[in-house]
Structure formats: C-alpha cells, structure tokens
Amino acid sequence: MMVDIVKADLADPVHARALVDVLDVYACDIMGGGTPLSAFTRANLAAELGKRAGVHVFLAFDGQQAVGLANCIEGFSSFACKPLLNIHDLAVTPAARGQCIGRRLIERVVQEARALGCCKVTLEVLEGNAVAQSLYRATGFAGYELKAESGRAMFMQKVLD
C-alpha cells in the first residue's frame, strides 16, 4: 500500500468528498457512535470546516482512494500563552488499518503543530478504544493531570438543542 498524506483543500471536490466518506465510515463504526452522518452533515461539512481559519484537515490516500483522515482544530493554552492543535477526529478505514496510517497522520499533525508554534497536540479517546489508546501512547500522548492529587482531566460535554 502506497499511502500519501496531504493537507486537504476543502474547496477541492475530491478532498471534500474524501473527508465526508472517511468520516462517515468512522461514524458508522462502534467507536464513532455506530450511526451514519446525517444528510445535512454530508452536504455541508466541508464548506463549514472551510470557513474556519483554525481548521486543519489531513487526508490519507492510497492512490485515488481515501483511507484516513485527521480533523484538527486550533485552540489556545492560556497557561502556556501559545496555540495548541486538537485532533478532533482521527480515522482509518477498516481495510487500511494495521498499515501505520494512523501513526503517519499523527506525525503529519505534529509537524503542522510545530510549524504553527503550538505548545501541544491534544485529543480525546474513548475508554473502550484500546487500539487507539495504544497508538496514542506509542506516539507520545499521555493522560493529562496538573498534579496527582488533583486527578486526571475528564472530557465532558453539554449537548445544545
């Protein structure tokens, strides 16, 4: 498998389609929620992400076939007074797993974060996703805590209507 990692141009219909197709495969996976993307999301995701200056999307292609993606969103560390880059989605299609594509996507994200002057790269992972956790640990990620007595950080959400 000869895989190229590219920074997506979301105005390019090929890249926009690849983003939606790979993300839909991920959404249908149990670790992505087990539900396909809505018609609204499929129709609007690339354009909406393209409107946001702090979004960086990386795609993995095996020839013309999209096999992976990393959707990243810039944030800011107030303690470090520097930007950070959050990997919001990292996905590799089932047929392409085990080929180090996830590792290569992470390496490309870290390269971009360094170029942007970021102090860190962040992500969240489900407790039950042992495969992803293993990849993240192998690429240098670790749980976050300020001090042991304060405990580890937790990812929380409030869904808005």
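As a starting point, this report considers the structure included with it.

Cut-offs used in this document
Residues numbered from 1 in each chain as written. Predicted model: local features only at pLDDT ≥ 70, side-chain atom pairs only at ≥ 80, totals over all residues. Heavy atoms only, no water. Helix = DSSP H or I, 4+ residues; strand = E, 2+ residues; numbered from the N terminus. Rg over C-alpha atoms; globule rule 2.2 N^0.38 Å. Pairing = 2+ DSSP bridges. Buried < 20%, exposed > 50% of the residue type's maximum accessible area, 1.4 Å probe, protein only. Polar contact = N/O pair within 3.5 Å; in protein donor to acceptor, adjacent residues only side chain to side chain. Contact = heavy atoms within 4.5 Å. Phe/Tyr/Trp six-rings, centres within 6.5 Å; stacked < 30°, edge-to-face > 60°. Arc of directions from axis to C-beta. Axes fitted to C-alpha atoms, helices over the stretch in contact; angles between N-to-C directions. Parallel < 35°, antiparallel > 145°, perpendicular 65-115°, else oblique. Left-handed = near helix turned anticlockwise from the far one by under 90°. Nonpolar A, V, L, I, M, F, W, Y, C, P; charged D, E, K, R; others polar.

Our next topic: the overall build of the protein. If you tally the helices and strands in the protein, you get 4 helices and 5 strands. Secondary structure elements in the protein, listed N-terminal to C-terminal, are β-α-α-β-β-β-α-β-α. In terms of overall size, the protein behaves like a compact globule, its C-alpha atoms giving a radius of gyration of 16 Å where 161 residues would be expected to give roughly 15 Å. Principal axes of the C-alpha set define a box for the protein whose edges measure 50 × 35 × 30 Å.

With that out of the way, let us pick up the pairing of strand E3 (residues 65-77). Working note: regular strand, side chains alternate between the two faces of the sheet. In this structure, strand E2 (residues 55-62) lies alongside E3, joined through 8 bridges in antiparallel fashion. Pairing of Asp62 across the sheet is with Gln65, part of E3. Between E2 and the antiparallel strand that follows it, E3, lie 2 residues; Gly63 among them carries a positive phi value of about 65°. Strand direction decides the pairing type here: E3 and strand E4 (residues 82-92), joined by 10 bridges, are antiparallel. Opposite Cys72, over in E4, you have Ile87 as the bridge partner. In this antiparallel pair of consecutive strands, E3 and E4, the connection spans 4 residues, and Cys81 shows a positive phi of 55°.

Right, let's get into the side chain of Ser77. Topologically, Ser77 is positioned in strand E3. Note on Ser77: relative accessible area 11%, which makes it buried. Within the local environment of Ser77, its side chain forms a polar contact with the backbone nitrogen of Ala80, the two atoms lying 3.1 Å apart. Excluding anything up to four places from it in sequence, Ser77 contacts Lys82, Leu84 and Cys119.

Attention shifts here to the packing of aromatic side chains. On inspection of all chains with the given rule, the structure shows 1 aromatic pair. Here Tyr136 and Phe141 contribute two aromatic rings whose centre-to-centre distance is 6.0 Å and whose plane-to-plane angle is 65°, an arrangement assigned as edge-to-face. Under the relative-accessibility criterion, Tyr136 is labelled buried at 9%.

This part covers helix H2 (residues 39-50). Buried within H2 we find Leu45, Ala46 and Leu49. Down the axis of H2, the buried side of the element spans an arc of 85°, and every buried residue falls inside it. Those residues of H2 that are exposed and angled more than 90 degrees off the buried face are Ala39, Phe40 and Ala43. Those residues of H2 that are buried lie in contact with helix H1 (13-28) and E2.

What follows concerns the pairing of E2. Within E2, 7 of the 8 residues are buried, leaving the element largely enclosed by the surrounding structure. Looking at chain direction, strand E1 (residues 3-7) and E2 are connected through 5 bridges and run antiparallel. Following the sheet pairing, Asp4 is matched in E2 by Phe61.

This next bit is on the packing of helix H3 (residues 101-115) against helix H4 (residues 130-138). Following both chains from N to C, one finds H3 and H4 inclined at 45°, their axes separated by 10 Å at the closest point. As far as their axial angle goes, H4 and H3 are oblique. The interaxial crossing formed by H3 with H4 has right-handed handedness. Within the contact between the two elements, H3 uses Gly102, Arg103 and Ile106 and H4 uses Leu135, Tyr136 and Ala138. Of the residues assigned to the contact of H3 with H4, the class counts are 4 nonpolar, 1 polar and 1 charged.

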